[in-house]
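Observations on the model geometry
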Amino acid sequence: EFLQLLLAKQHLSTPQSRRSGTLQAIEQLGYVQIDSINVVERAHHHVLFNRVKNYQPQWLDDLLEKKQIFEYWSHAAAFLPMRDFRFSLYRKAQLQQGQKHWFAPDHQQMREVRARIRAEGPLKAADFAKTTEASGPWWDWQPAKKALEQLFMQGELMVVRRERFQKVLDLTERALPAGIDCTLPDEREYALHLIERFLQCHVAGTAAQISYLRPGMKAPVTALLCELAHSGVLQSFLYQGQSYYAENSQWQLPAKATQVYLLNPFDNLLIQRQRLQHWFGTDYQLEVYVPADKRRFGYYNLPVFYGTTYVGLMDVKAQRDQGVLLLQHLQLAPQWLQKSRFVQQFAKALRAYAGFNGCTEVKLVRAEPTVKQWFHNEISPLLQSEAG
(Lines give C-alpha, C1' and ligand atoms only; values in the text may rest on other atoms or scores of the structure.)
Protein backbone atom coordinates (compact mmCIF):
# COMPACT_ATOMS: atom_id res chain seq x y z
CA GLU A 1 0.00 0.00 0.00
CA PHE A 2 2.84 2.40 0.81
CA LEU A 3 4.46 1.79 -2.58
CA GLN A 4 1.18 2.39 -4.40
CA LEU A 5 0.87 5.71 -2.59
CA LEU A 6 4.50 6.55 -3.38
CA LEU A 7 3.97 6.05 -7.12
CA ALA A 8 0.86 8.24 -6.97
CA LYS A 9 2.67 10.99 -5.04
CA GLN A 10 5.42 10.82 -7.63
CA HIS A 11 2.75 11.31 -10.34
CA LEU A 12 3.87 8.09 -12.02
CA SER A 13 0.57 6.25 -11.61
CA THR A 14 -1.37 9.54 -11.80
CA PRO A 15 0.14 11.38 -14.80
CA GLN A 16 -0.79 14.99 -15.38
CA SER A 17 -2.68 16.37 -18.34
CA ARG A 18 -0.67 17.75 -21.18
CA ARG A 19 1.06 21.16 -21.16
CA SER A 20 -0.40 22.52 -17.90
CA GLY A 21 0.65 19.34 -16.13
CA THR A 22 4.35 20.05 -16.66
CA LEU A 23 4.40 22.81 -14.05
CA GLN A 24 2.11 20.78 -11.77
CA ALA A 25 4.52 17.83 -11.93
CA ILE A 26 7.53 20.01 -11.09
CA GLU A 27 5.68 21.61 -8.19
CA GLN A 28 4.68 18.19 -6.86
CA LEU A 29 8.19 16.75 -7.17
CA GLY A 30 9.85 19.89 -5.83
CA TYR A 31 12.57 19.77 -8.49
CA VAL A 32 13.59 17.94 -11.65
CA GLN A 33 17.29 17.18 -11.98
CA ILE A 34 19.10 18.46 -15.07
CA ASP A 35 21.65 16.22 -16.74
CA SER A 36 23.69 16.70 -19.90
CA ILE A 37 24.01 13.06 -21.04
CA ASN A 38 22.21 12.69 -24.36
CA VAL A 39 22.73 9.14 -25.62
CA VAL A 40 18.94 9.20 -25.33
CA GLU A 41 16.64 12.14 -24.52
CA ARG A 42 18.03 14.03 -21.53
CA ALA A 43 17.08 13.10 -17.98
CA HIS A 44 14.91 16.12 -17.12
CA HIS A 45 12.73 15.54 -20.17
CA HIS A 46 12.50 11.79 -19.49
CA VAL A 47 11.40 12.37 -15.88
CA LEU A 48 8.57 14.61 -17.10
CA PHE A 49 7.68 12.32 -20.01
CA ASN A 50 6.83 9.64 -17.43
CA ARG A 51 4.54 12.04 -15.56
CA VAL A 52 2.87 14.27 -18.18
CA LYS A 53 0.64 12.95 -20.93
CA ASN A 54 1.96 13.65 -24.45
CA TYR A 55 4.90 15.57 -22.96
CA GLN A 56 6.94 17.74 -25.34
CA PRO A 57 10.41 19.07 -24.36
CA GLN A 58 9.41 22.53 -25.58
CA TRP A 59 6.92 22.75 -22.71
CA LEU A 60 9.79 22.80 -20.20
CA ASP A 61 11.64 25.46 -22.21
CA ASP A 62 8.46 27.54 -22.28
CA LEU A 63 8.11 27.38 -18.48
CA LEU A 64 11.67 28.66 -18.07
CA GLU A 65 11.18 31.52 -20.51
CA LYS A 66 7.85 32.43 -18.87
CA LYS A 67 9.62 32.48 -15.48
CA GLN A 68 7.34 29.88 -13.94
CA ILE A 69 10.36 27.75 -13.08
CA PHE A 70 14.01 28.59 -12.48
CA GLU A 71 17.34 26.80 -12.51
CA TYR A 72 19.38 26.35 -9.39
CA TRP A 73 21.11 23.75 -7.27
CA SER A 74 18.85 21.34 -5.41
CA HIS A 75 21.00 18.35 -4.41
CA ALA A 76 22.25 18.80 -7.98
CA ALA A 77 21.51 21.15 -10.89
CA ALA A 78 17.74 21.28 -11.24
CA PHE A 79 14.62 23.02 -12.47
CA LEU A 80 12.56 24.25 -9.51
CA PRO A 81 9.13 25.89 -9.26
CA MET A 82 9.31 29.68 -9.03
CA ARG A 83 7.04 29.54 -5.95
CA ASP A 84 10.03 28.11 -4.05
CA PHE A 85 12.51 30.78 -5.15
CA ARG A 86 13.03 32.31 -1.70
CA PHE A 87 14.29 28.97 -0.37
CA SER A 88 17.13 29.01 -2.90
CA LEU A 89 18.37 32.14 -1.11
CA TYR A 90 19.54 30.08 1.88
CA ARG A 91 22.27 28.34 -0.13
CA LYS A 92 23.08 31.52 -2.04
CA ALA A 93 23.64 33.38 1.22
CA GLN A 94 26.01 30.64 2.44
CA LEU A 95 28.11 31.03 -0.70
CA GLN A 96 28.06 34.81 -0.50
CA GLN A 97 29.39 34.49 3.04
CA GLY A 98 32.36 32.41 1.94
CA GLN A 99 31.29 28.77 1.72
CA LYS A 100 32.88 27.01 -1.23
CA HIS A 101 30.95 25.30 -4.03
CA TRP A 102 33.51 23.85 -6.46
CA PHE A 103 36.33 26.37 -6.47
CA ALA A 104 37.46 29.58 -4.79
CA PRO A 105 35.86 32.66 -6.36
CA ASP A 106 37.96 34.98 -8.53
CA HIS A 107 36.42 38.32 -7.53
CA GLN A 108 38.18 40.36 -10.21
CA GLN A 109 36.96 38.04 -12.96
CA MET A 110 33.46 38.05 -11.43
CA ARG A 111 33.38 41.87 -11.52
CA GLU A 112 34.39 41.87 -15.18
CA VAL A 113 31.81 39.24 -16.14
CA ARG A 114 29.06 41.00 -14.18
CA ALA A 115 29.88 44.34 -15.82
CA ARG A 116 29.78 42.88 -19.32
CA ILE A 117 26.40 41.23 -18.77
CA ARG A 118 25.04 44.45 -17.30
CA ALA A 119 26.17 46.33 -20.42
CA GLU A 120 25.38 43.77 -23.12
CA GLY A 121 22.48 41.75 -21.73
CA PRO A 122 22.16 37.94 -21.37
CA LEU A 123 25.30 35.96 -22.27
CA LYS A 124 26.55 32.39 -22.17
CA ALA A 125 30.03 31.03 -21.49
CA ALA A 126 30.78 30.70 -25.21
CA ASP A 127 30.31 34.48 -25.61
CA PHE A 128 33.46 35.14 -23.60
CA ALA A 129 36.87 35.02 -25.26
CA LYS A 130 38.68 31.75 -24.81
CA THR A 131 42.01 31.64 -23.04
CA THR A 132 45.12 30.32 -24.76
CA GLU A 133 45.57 27.60 -22.15
CA ALA A 134 45.24 24.00 -23.27
CA SER A 135 41.87 22.55 -22.43
CA GLY A 136 41.82 20.40 -19.33
CA PRO A 137 39.28 18.44 -17.33
CA TRP A 138 35.90 19.95 -16.50
CA TRP A 139 37.07 21.57 -13.28
CA ASP A 140 39.81 23.45 -15.13
CA TRP A 141 37.25 25.77 -16.69
CA GLN A 142 38.22 29.02 -18.31
CA PRO A 143 38.19 31.91 -15.82
CA ALA A 144 35.09 33.53 -17.32
CA LYS A 145 33.13 30.27 -17.14
CA LYS A 146 34.13 29.81 -13.51
CA ALA A 147 33.05 33.37 -12.77
CA LEU A 148 29.69 32.83 -14.46
CA GLU A 149 29.10 29.70 -12.38
CA GLN A 150 30.07 31.42 -9.15
CA LEU A 151 27.81 34.40 -9.86
CA PHE A 152 24.99 32.00 -10.69
CA MET A 153 25.48 29.97 -7.51
CA GLN A 154 25.65 33.14 -5.38
CA GLY A 155 22.39 34.33 -6.88
CA GLU A 156 23.64 37.34 -8.84
CA LEU A 157 22.84 35.72 -12.21
CA MET A 158 19.86 33.64 -13.36
CA VAL A 159 19.35 31.36 -16.34
CA VAL A 160 16.87 32.97 -18.74
CA ARG A 161 17.00 30.24 -21.40
CA ARG A 162 19.24 27.58 -22.86
CA GLU A 163 20.76 27.52 -26.33
CA ARG A 164 21.99 24.09 -27.43
CA PHE A 165 21.94 23.21 -23.75
CA GLN A 166 24.23 26.10 -22.81
CA LYS A 167 22.96 28.35 -20.04
CA VAL A 168 22.19 31.93 -21.08
CA LEU A 169 22.50 34.13 -17.99
CA ASP A 170 21.32 37.60 -17.06
CA LEU A 171 21.41 39.71 -13.91
CA THR A 172 18.93 38.39 -11.35
CA GLU A 173 17.58 41.89 -10.83
CA ARG A 174 16.48 41.88 -14.48
CA ALA A 175 15.53 38.21 -14.83
CA LEU A 176 13.48 37.66 -11.67
CA PRO A 177 9.74 38.26 -12.21
CA ALA A 178 8.08 41.02 -10.21
CA GLY A 179 6.38 40.15 -6.95
CA ILE A 180 8.59 37.19 -5.98
CA ASP A 181 9.17 36.85 -2.24
CA CYS A 182 12.89 37.34 -1.65
CA THR A 183 12.84 37.14 2.15
CA LEU A 184 15.84 35.12 3.28
CA PRO A 185 14.58 32.09 5.24
CA ASP A 186 16.21 31.32 8.55
CA GLU A 187 17.55 27.87 9.35
CA ARG A 188 14.28 26.63 10.84
CA GLU A 189 12.21 27.85 7.89
CA TYR A 190 14.59 26.23 5.45
CA ALA A 191 14.57 22.94 7.38
CA LEU A 192 10.76 22.96 7.43
CA HIS A 193 10.72 23.61 3.67
CA LEU A 194 13.00 20.62 3.04
CA ILE A 195 10.81 18.39 5.20
CA GLU A 196 7.53 19.50 3.64
CA ARG A 197 8.74 19.21 0.05
CA PHE A 198 10.29 15.79 0.64
CA LEU A 199 7.24 14.29 2.33
CA GLN A 200 4.98 15.84 -0.32
CA CYS A 201 6.36 13.56 -3.03
CA HIS A 202 8.12 10.74 -1.14
CA VAL A 203 5.47 10.11 1.57
CA ALA A 204 8.09 9.24 4.21
CA GLY A 205 11.77 9.85 4.79
CA THR A 206 14.67 9.86 7.22
CA ALA A 207 16.58 12.93 8.34
CA ALA A 208 19.53 11.88 6.17
CA GLN A 209 17.31 11.47 3.10
CA ILE A 210 15.55 14.80 3.62
CA SER A 211 18.83 16.69 4.08
CA TYR A 212 20.64 14.77 1.30
CA LEU A 213 23.54 16.88 -0.05
CA ARG A 214 22.28 20.00 1.77
CA PRO A 215 25.38 21.31 3.55
CA GLY A 216 24.92 21.78 7.28
CA MET A 217 21.24 20.82 7.31
CA LYS A 218 21.17 17.29 8.76
CA ALA A 219 21.29 18.43 12.41
CA PRO A 220 18.54 21.08 12.15
CA VAL A 221 16.35 18.76 10.04
CA THR A 222 16.79 15.98 12.60
CA ALA A 223 15.89 18.28 15.49
CA LEU A 224 12.82 19.66 13.72
CA LEU A 225 11.60 16.17 12.74
CA CYS A 226 11.78 15.07 16.38
CA GLU A 227 9.91 18.20 17.46
CA LEU A 228 7.17 17.74 14.84
CA ALA A 229 6.76 14.07 15.75
CA HIS A 230 6.60 14.87 19.47
CA SER A 231 3.88 17.48 18.86
CA GLY A 232 1.86 15.09 16.69
CA VAL A 233 2.31 16.97 13.40
CA LEU A 234 4.30 14.05 12.00
CA GLN A 235 4.32 10.35 12.79
CA SER A 236 7.50 8.32 13.08
CA PHE A 237 8.23 4.64 12.57
CA LEU A 238 11.19 2.32 12.33
CA TYR A 239 11.98 0.60 9.04
CA GLN A 240 15.20 -1.17 8.05
CA GLY A 241 16.63 0.00 11.38
CA GLN A 242 16.10 3.70 10.62
CA SER A 243 13.66 6.30 11.90
CA TYR A 244 11.24 7.37 9.17
CA TYR A 245 8.85 10.31 9.38
CA ALA A 246 5.57 10.85 7.54
CA GLU A 247 2.63 13.23 7.59
CA ASN A 248 0.17 12.42 10.36
CA SER A 249 -2.89 12.20 8.13
CA GLN A 250 -5.23 9.64 6.61
CA TRP A 251 -4.03 8.59 3.18
CA GLN A 252 -6.45 7.81 0.41
CA LEU A 253 -4.95 4.86 -1.41
CA PRO A 254 -4.87 5.19 -5.20
CA ALA A 255 -5.80 2.49 -7.68
CA LYS A 256 -3.18 -0.21 -8.05
CA ALA A 257 -0.49 0.67 -10.57
CA THR A 258 -0.17 -2.06 -13.21
CA GLN A 259 1.80 -0.37 -15.97
CA VAL A 260 5.47 -0.72 -16.91
CA TYR A 261 7.76 2.20 -16.13
CA LEU A 262 11.12 2.72 -17.83
CA LEU A 263 12.68 5.09 -15.31
CA ASN A 264 15.56 7.46 -15.85
CA PRO A 265 18.69 6.96 -13.70
CA PHE A 266 18.13 10.48 -12.30
CA ASP A 267 14.41 10.00 -11.65
CA ASN A 268 13.16 11.50 -8.39
CA LEU A 269 11.86 8.11 -7.29
CA LEU A 270 15.27 6.47 -7.26
CA ILE A 271 17.94 9.16 -7.13
CA GLN A 272 18.78 8.15 -3.56
CA ARG A 273 19.89 4.55 -4.01
CA GLN A 274 19.44 3.68 -0.33
CA ARG A 275 15.71 4.41 -0.62
CA LEU A 276 15.55 2.23 -3.72
CA GLN A 277 17.13 -0.62 -1.79
CA HIS A 278 14.90 -0.07 1.27
CA TRP A 279 11.58 0.11 -0.52
CA PHE A 280 12.13 -1.95 -3.68
CA GLY A 281 14.86 -4.35 -2.61
CA THR A 282 17.30 -3.68 -5.43
CA ASP A 283 20.87 -2.40 -5.60
CA TYR A 284 20.91 -0.27 -8.73
CA GLN A 285 24.01 1.44 -10.07
CA LEU A 286 24.28 3.80 -13.01
CA GLU A 287 27.48 2.83 -14.80
CA VAL A 288 28.05 6.04 -16.77
CA TYR A 289 30.83 6.94 -14.35
CA VAL A 290 32.32 3.43 -14.27
CA PRO A 291 35.28 2.76 -16.62
CA ALA A 292 34.07 0.88 -19.70
CA ASP A 293 36.09 -2.27 -18.94
CA LYS A 294 34.57 -2.47 -15.44
CA ARG A 295 30.90 -2.05 -16.35
CA ARG A 296 28.81 -5.06 -15.48
CA PHE A 297 25.71 -4.09 -17.42
CA GLY A 298 26.01 -1.03 -19.63
CA TYR A 299 26.56 2.70 -19.96
CA TYR A 300 23.05 4.15 -19.51
CA ASN A 301 20.80 1.57 -17.92
CA LEU A 302 17.16 2.30 -17.12
CA PRO A 303 15.49 0.48 -14.22
CA VAL A 304 12.32 -1.31 -15.35
CA PHE A 305 9.35 -1.42 -12.98
CA TYR A 306 6.07 -3.27 -13.32
CA GLY A 307 3.78 -1.37 -11.01
CA THR A 308 5.64 -1.26 -7.70
CA THR A 309 7.91 -4.19 -8.57
CA TYR A 310 11.44 -3.82 -9.87
CA VAL A 311 11.79 -6.33 -12.72
CA GLY A 312 15.02 -5.54 -14.55
CA LEU A 313 17.35 -3.22 -16.42
CA MET A 314 17.56 -1.87 -19.95
CA ASP A 315 20.71 -0.22 -21.34
CA VAL A 316 19.65 2.19 -24.09
CA LYS A 317 21.08 4.29 -26.88
CA ALA A 318 19.22 6.23 -29.56
CA GLN A 319 20.60 6.19 -33.10
CA ARG A 320 18.58 9.23 -34.03
CA ASP A 321 19.91 9.54 -37.58
CA GLN A 322 18.59 6.04 -38.29
CA GLY A 323 15.48 6.24 -36.12
CA VAL A 324 16.56 3.20 -34.10
CA LEU A 325 16.43 2.75 -30.35
CA LEU A 326 19.11 0.25 -29.37
CA LEU A 327 18.55 -1.97 -26.36
CA GLN A 328 22.24 -2.51 -25.76
CA HIS A 329 21.45 -4.92 -22.96
CA LEU A 330 18.12 -6.15 -21.60
CA GLN A 331 17.74 -8.05 -18.35
CA LEU A 332 14.34 -9.09 -16.98
CA ALA A 333 13.30 -11.39 -14.15
CA PRO A 334 12.13 -14.60 -15.87
CA GLN A 335 8.90 -14.97 -13.88
CA TRP A 336 7.38 -12.01 -15.73
CA LEU A 337 8.08 -13.16 -19.27
CA GLN A 338 5.00 -15.38 -19.55
CA LYS A 339 2.55 -12.95 -17.96
CA SER A 340 0.40 -11.58 -20.77
CA ARG A 341 -0.35 -8.26 -19.11
CA PHE A 342 3.34 -7.61 -18.51
CA VAL A 343 4.09 -8.44 -22.15
CA GLN A 344 1.46 -5.94 -23.35
CA GLN A 345 2.53 -3.23 -20.91
CA PHE A 346 6.24 -3.67 -21.63
CA ALA A 347 5.65 -3.37 -25.37
CA LYS A 348 3.49 -0.28 -24.80
CA ALA A 349 6.12 1.40 -22.61
CA LEU A 350 8.91 0.54 -25.02
CA ARG A 351 6.97 1.82 -28.02
CA ALA A 352 6.22 5.11 -26.24
CA TYR A 353 9.82 5.55 -25.10
CA ALA A 354 11.15 4.90 -28.60
CA GLY A 355 8.78 7.50 -30.02
CA PHE A 356 9.82 9.97 -27.32
CA ASN A 357 13.39 9.55 -28.58
CA GLY A 358 12.38 10.10 -32.20
CA CYS A 359 12.78 6.43 -33.07
CA THR A 360 10.45 4.20 -35.06
CA GLU A 361 12.38 0.95 -34.64
CA VAL A 362 13.64 -0.94 -31.59
CA LYS A 363 16.61 -3.29 -31.92
CA LEU A 364 17.73 -5.69 -29.19
CA VAL A 365 21.52 -6.07 -29.13
CA ARG A 366 22.23 -8.19 -26.06
CA ALA A 367 20.24 -10.34 -23.63
CA GLU A 368 20.25 -13.79 -22.09
CA PRO A 369 19.02 -16.40 -24.62
CA THR A 370 15.65 -16.81 -22.89
CA VAL A 371 15.02 -13.07 -22.82
CA LYS A 372 16.23 -12.64 -26.40
CA GLN A 373 13.89 -15.34 -27.67
CA TRP A 374 11.01 -13.90 -25.65
CA PHE A 375 11.67 -10.43 -27.05
CA HIS A 376 11.67 -11.62 -30.66
CA ASN A 377 8.65 -13.89 -30.21
CA GLU A 378 6.48 -11.70 -27.99
CA ILE A 379 7.59 -8.07 -28.09
CA SER A 380 8.81 -7.55 -31.66
CA PRO A 381 5.47 -8.59 -33.25
CA LEU A 382 3.62 -6.13 -30.99
CA LEU A 383 6.01 -3.31 -31.92
CA GLN A 384 5.76 -4.14 -35.63
CA SER A 385 1.98 -4.39 -35.60
CA GLU A 386 1.75 -0.95 -34.02
CA ALA A 387 4.24 0.50 -36.50
CA GLY A 388 2.25 -1.01 -39.33
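Keep in mind the model is a prediction, meaning the values are calculated, not measured.

Rules used throughout
Residues numbered from 1 in each chain as written. Predicted model: local features only at pLDDT ≥ 70, side-chain atom pairs only at ≥ 80, totals over all residues. Heavy atoms only, no water. Pairing = 2+ DSSP bridges. Helix = DSSP H or I, 4+ residues; strand = E, 2+ residues; numbered from the N terminus. Contact = heavy atoms within 4.5 Å. Axes fitted to C-alpha atoms, helices over the stretch in contact; angles between N-to-C directions. Phe/Tyr/Trp six-rings, centres within 6.5 Å; stacked < 30°, edge-to-face > 60°. Buried < 20%, exposed > 50% of the residue type's maximum accessible area, 1.4 Å probe, protein only. Lys NZ or Arg CZ within 6 Å of the ring centre and 35° of its normal. Polar contact = N/O pair within 3.5 Å; in protein donor to acceptor, adjacent residues only side chain to side chain.

1. Looking at the sheet that holds strand β1 (residues 32-33)
Here we have 3 strands laid out as an open sheet, ordered β1-β3-β2, and antiparallel in their pairing. The sheet is open, and its two borders are formed by β1 and β2 (69-73), each paired with just one other strand. Pairing of β1 with strand β3 (residues 77-81) involves 2 bridges; the strand directions are antiparallel. When the bridges of β3 are listed, V32 appears paired with F79. Contacts between helix α4 (residues 57-65) and the sheet are confined to β2 and β3, with β2 contributing the most and set at about 90° to the helix. Along the sheet face, helix α5 (residues 85-96) touches β2 and β3 and points at about 30° away from the line of β2.

2. Thoughts on the packing of aromatic side chains
A complete count under the given rule lists 19 aromatic pairs for this structure. With centroids separated by 4.2 Å and ring planes inclined at 15°, the aromatic side chains of F49 and F356 adopt a geometry described as stacked. Taken together, the residues F49 in helix α3 (residues 43-49) and F356 in helix α13 (residues 340-356) connect sequence positions 307 residues apart. Each member of the pair, F49 as well as F356, carries the same accessibility label: buried. Relative to Y244, the ring of F237 lies with its centre 5.7 Å away and its plane at 15°, an arrangement referred to as stacked. Taking the relative accessible area as the measure of exposure, Y244 reaches 0% and is therefore buried. By way of ring pairs, the aromatic residues F2, F237, Y239, Y244 and W279 are connected into one cluster. Looking at R86, its charged tip hangs above the ring of F87, at a distance of 5.0 Å from the centre. It is R162 that lies over the ring of F165; its NZ or CZ is 4.4 Å from the centre.

3. Things to note about the side chain of Q16
In this fold, Q16 is placed in the loop between α1 (2-9) and α2 (20-29). For Q16, a relative accessible area of 14% translates into the label buried. Here T14 takes part through its backbone oxygen, which lies 3.2 Å from a polar atom of the side chain of Q16.

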